[in-house]
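# Structural overview for review
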Amino acid sequence: MVDTASAPASKVDVEGITAHIAADPYIRGLREGTVDLSWFRAEPGQGVWGSWGVKAQPSRRGLTLMDIDKASGEEPGPIGPSVTAPRGGGLDPEAGQTPWEINSKWELWAENLTSLYEESCSRQWNATADIEWRNLEPLPPDMERALCQFCTFLTMAEYLATDVLAPWLPKFNTYFHEIKLFIASQAMDEARHTEVFRKRIFANGGGMGMAIKLGEALAAIQPYVDASGKVANDTGSPLASNALFDNWRDVSYCIHVVFEGAVLSIFRYGEFLCNTDVDKQIFRMVMQDEARHVAYGSMHLKYLLENAPDPDLQRIQIHEIADMAEIFFLQLFFLQPATIESCAILAGHGVDGIAKGIESYKTLYSKMRGEYLSRIAAAGLDRSDRCLFPAELPF
Ligand SMILES: [Fe+2]
Ligand SMILES: [Fe+2]
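### Describing the overall build of the protein chain
Scanning the protein chain from N- to C-terminus turns up 13 helices and zero strands. Ordering the α and β elements of the protein chain from the N terminus gives α-α-α-α-α-α-α-α-α-α-α-α-α. Burial status across the protein chain gives 34% buried among its 395 residues. Put simply, 70% of the contacts in the protein chain that link residues at least 6 apart link residues at least 24 apart.

### Topic: the packing of helix α6 (residues 141-165) against helix α7 (residues 177-201)
It is at 9 Å that the axes of α6 and α7 come closest, and there the two elements cross at 160°. Regarding the angle of α6 to α7, the classification is roughly antiparallel. The crossing of α6 and α7 is left-handed. Only I183, Q186, A187, E190, A191, H193, T194, F197, R198, R200 and I201 of α7 make contact with α6, whose side of the interface consists of C148, C151, T152, L154, T155, E158, Y159, A161, T162 and L165.

### A closer look at the confidence of the model for the protein chain
Scored by pLDDT, the protein chain comes out at a mean of 91, with 90% of its residues at no less than 70. In this model, residues 227-241 is a region of pLDDT below 50 whose contacts with residues beyond four sequence positions or in other chains number 32 contacts.

### Considerations on helix α12 (residues 337-347)
α12 sits mainly inside the fold: eight of its 11 residues count as buried. The set of residues buried in α12 consists of T339, I340, S342, C343, A344, I345, L346 and A347. Buried residues along α12 sit in contact with α6, α9 (248-273), α11 (311-334) and α13 (354-379).

About the criteria used
Residues numbered from 1 in each chain as written. Chains lettered and ligands numbered in written order. Predicted model: local features only at pLDDT ≥ 70, side-chain atom pairs only at ≥ 80, totals over all residues. Helix = DSSP H or I, 4+ residues; strand = E, 2+ residues; numbered from the N terminus. Buried ≥ 20, exposed ≤ 12 C-beta atoms within 10 Å, placed from the backbone. Contact = placed C-beta atoms within 7 Å. Axes fitted to C-alpha atoms, helices over the stretch in contact; angles between N-to-C directions. Parallel < 35°, antiparallel > 145°, perpendicular 65-115°, else oblique. Left-handed = near helix turned anticlockwise from the far one by under 90°. pLDDT = per-residue confidence, 0-100.

Here it is in structure tokens:
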């Protein structure tokens, strides 16, 4: 029970607030039996009420967002209005303006965005029950140690995507619900990835390995960046305050295209590296989610380059951000000693096979680079003679 005698007196004037509400003309009318009903009587489509008479038909998978767009005719236009309203909604005549930060379709759209969100919902899985944890087999101690270090690294990488992307949710105009829903679903995907790698670390006799040093990866950019101010600050903290993440275009390029493109290659490599069915299953499951995140990023890049009002400037600026992102993720991922060595032990089937494993790791890297370059080329960005991922790892 709360000790009211020692609790500080409330500064809130509850009685005053109640009296203020009660004095409102509409509330007074309700007490007297009068109702408003202006929204109810408004003619659909004339501003106050949105639409009426729409009866969307479920398609093969069920009732999708594509089905309701088709039935309602509420496909997104090029600009979202400066109000807080669902697309197609009417407005309270007294509603104020909302200055959303991201209002243009070209700034956020991808032709596959709506269907990617639907896919995300239908392919959610459960790290507790959908992995055959009971079938996990013991690994030789050096292999378990290497896999736990690799999973520790991946656990941290998963935080990065959510920590950078989720704060952008309130910046998108509510008119473009698709991007809000998709990024929310991605945050859930990344949470599940952190969860599944954490569970794997503690499920087979191993334990949590060494955390990677993010600050060093940030500092690695410094010597390569000119004095234009596009410099990473070496705070050692998550990247949210970094110059790499000034706007959604840059965020999406860095995270969805460079970072998650690399993660997707690493997950595919993880499936190849693992010798047990359960470990392979984990990498297969995370891979299907990751492919969606990369698919959004690639298709958004394409949409942006094709639809921005200033495509030439966009292209120049994306190249600049790509320069930094490639160096940053090269350092963060592919040159981390504990990551190189843990992967090499797994690929070499033990610490004695590490030399052979390092060759395999270099092949993974070259594959990742090739996949990245073809992905962005398909989106309309050619970095074949500018890419700062070296063609081969120099060791
Ligand atoms: Fe992930
Ligand atoms: Fe992801």
